Every structure is written in C-alpha cells, then in structure tokens.
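Observations on chain architecture
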Amino acid sequence: MCRMTTRLNTTISLTDPAELLAAVPHLLGFHPTDSLVVVTLRGLQAVSRLGATLRIDLPCPQHIRGFGERLLTGPLRRTRLEAALLVVVGHRPHVETCGDVCAGTCSPAPEPSAVEPLSGGGPPYAGLVEEIRETFRRDGIGLAHALWTPEIRAGAEWCCYHDPECTGAIPDPRSSALAAAMAAAGAVTFDSRDELRALVAPESPEAVARVSAKLDALTEDLIEGSDQQRVAESLRTVLGAIERTASGAALTEDDHVRVLLAVSDTRVRDLVLGSTLGGAARAAEELWLTLVRKAPEPELAEVAALLAFSAYLRGDGALAGVALERIERTSPDHRLGTLLRRALDVGIPPAELAVIARDAAEDAQLMIEEDGAW
C-alpha cells in the first residue's frame, strides 16, 4: 500500500496498481498520453509514501539507451530518490522526441525492436523499462512496480512488466478518493495537456491588439516624478488589483492594462513575487492567469513568469510548465523564465524557491519603511 500527501495536503491511501493508475491524472493535473510517468517513493516498506510525480514524453527508439542515466541526472537529480513506480502510457513516442535524430525523415511509428518486449507477449516499451530498472539497480534505487496501459480511463486494461498475472482494468479516475479531494478543493484535472495549454492561450488576436494599443497610450502618460515614486505607484497598482481580486470585485480592462504595465518593470515584478505567499496567493495567481491571456508579447513574459512561479510554489508543475512554454516561444532568453524552467527540470523543491519570494517581500517592506510616501 502507498500513502501520499497531495498538493492539497490531503492524505490518500492507494492499495493496488489500478488505484495508482487512476490517481496519475490527478497527480499530474492532466491525463497523460504517450508518456512515461515516474512516481517517486520514500522507502519500499509495507506502507510507502509517494513523493514527486514526473511525466516525460515516451522517447524515440534511438534515445532509449542511456535514458535511465538522463532521468537521474536531470528531472530526478534532486529528489533524494529511494524507490519509484514507473507507468508507461501509450504505444509510441511523441513525434517531437525524434526530431533531432530523424531531422524530419523518419516515421512517427517507432522501430518495433525498440519498444516491443524483450521477449514477445508483453506490453510495449519493455526495453525502456529494463534500461531504467538496471540504472536504478546500479544506484541502489528500488523499483516497486512497472505498469503499462494504453490510456488512463475507466475500464482501460493495464498490466505489469514483470508479472504476467498482474493485470486488470482501471477504475473510473473521476470517482477516486483523490478526485473527490481535488474537486472539494476546487482543483481541476484536465483531459489533456493541450486542454491545459488552452488555459493560458491568448483570448483572441483582437483582444490582445486592443490591450497593446492601450499599453502604448498609457506608457506615454506615465506619471512624472522620481524613479522610486514610479516604482511605488506601480507596486500599489498591482497589490491593489490583487486585493480587489481577492474580494471578488471585477477588474476592468483598463485595470488589467495598468497592472501589465506595472509588472513589465522587472523591479516591480520581483517585489510582487512575495504575493505568491500567504493569504493573497490564490488571488494573485487568479490575476496572473487572467493577464497571461490578455498580454501582448512585450509584456507577456513577466506576467507568465509570475504565473509559473505561483503555480510552482503551489505544487502545480503542469500549470507552471505551460506558462513557461509561452515565455519560451516569445522570449527564449528571459532570465526568470529560464531559471524557473531549470528548477522544474531538475525538481527543485517548491520550498527552496519560496525563499526567493520571501526575500522579494522583505526587500519591498524595507523600501516601504524607508519611504514614508509608500
């Protein structure tokens, strides 16, 4: 049996592989496809505790050799891994994972010898599982289970890689104890990663163009005064918008424009990182999520970084990831976005990143105390 404390601080017990498979979409925040899911464990006792859950695209056949080492030196490097569960979802790699090898010339379907069982009659990607198992063994990491399913939905068949009698059907993920806990807390599990990406997609070209024009006009009318006064006014604008969001008050498009302009100053953005902690955290994230859909490219990166930072601290790596994708498409050299991507890739605990937000909040407080006008 496994127990886990979810991102909602709710303890859930999982007694068999089918329950674990039904829980995977809720652990990730979306239903994975063509994916390797690694669920870390603390110990291999009668009752183990689940740790971080990571999802990786199923690799191109040419990338299977050495894949275990890349896991341990990349996403799993900082997890203090003692044991793990592996879940393979699907039959084939994402086409994108083969791009640098095939240069657009190979078929989306993998080479059969690379993904079929080591000896016939079992699930696909046995070679990948064996590669990871052997790497883990050399590093003293236990492998509690390795499971395969074509998809995670009610009634889908599943089986184990190392026990032909270990098989069954997945219960309805929507009816699990974890799903109930998520629903009670207002958390959403998306049907796919694309659906999650749609959450942070631009509203419409017309809406983004309208906001861009208003930002241009507002920039021309910036308040006169010292640089410190402008930063102070911008900070008041952002914190006021967060307070109004927390109270349920509606913000106008002009309010949104003023906040976007304020956080486009990276000093202001860094000061309001502290709003991702404490009682205002949810309201701040709601505001960032609204703004990331309205922001034109020059202002998008800063508000998307705020959203990614907030989601990461809350334990929602999936939302943080899609927010970072938007930064990477428009501002690939963005400093905070790059730092957050590295943190996500190597599994830095959210508590360590929270130190950054606390330091930013303390800096803001010092500036307030030093300038009575604040």
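Residues numbered from 1 in each chain as written. Predicted model: local features only at pLDDT ≥ 70, side-chain atom pairs only at ≥ 80, totals over all residues. Heavy atoms only, no water.

By the naming in an unreviewed UniProt entry, the chain is DUF4192 domain-containing protein, taken from Saccharopolyspora thermophila.

With that out of the way, let us pick up unusual backbone geometry. The phi dihedral of Asp-34 falls on the positive side, at around 45°, and the residue is not glycine. Within the secondary structure layout, Asp-34 lies in the loop between α1 (17-28) and β3 (35-42). The backbone of Tyr-125 shows a phi angle near 65°, a positive value even though the residue is not glycine. On the accessibility criterion, Tyr-125 (0% relative accessible area) is buried. (Helix = DSSP H or I, 4+ residues; strand = E, 2+ residues; numbered from the N terminus. Buried < 20%, exposed > 50% of the residue type's maximum accessible area, 1.4 Å probe, protein only.)

On to the pairing of strand β7 (residues 157-160). Bridge count for strand β6 (residues 142-149) against β7 is 2 bridges, and the pairing is antiparallel. If you follow Trp-148 over to β7, its bridge partner there is Cys-159. Bridge count between β7 and strand β8 (residues 167-169): 3 bridges; the pairing is antiparallel. By the bridge assignment for β8, Trp-158 is matched with Gly-168. Here β7 folds back onto β8, and the loop between the two strands holds 6 residues. (Pairing = 2+ DSSP bridges.)

On to the state of the cysteines, then. Considering all chains together, one arrives at 1 disulfide under this definition. Note on cysteine connectivity: Cys-160 is disulfide-linked to Cys-166, with sulfurs 2.0 Å apart. The exposure class of Cys-160 is buried, given its relative accessible area of 7%. Under the relative-accessibility criterion, Cys-166 is labelled buried at 13%. Of all cysteine sulfurs in the structure, the one in Cys-160 sits closest to Cys-159, which takes part in no disulfide; the separation is 7.1 Å. For Cys-159, a relative accessible area of 17% corresponds to the buried category. (Disulfide = S-S within 2.5 Å.)

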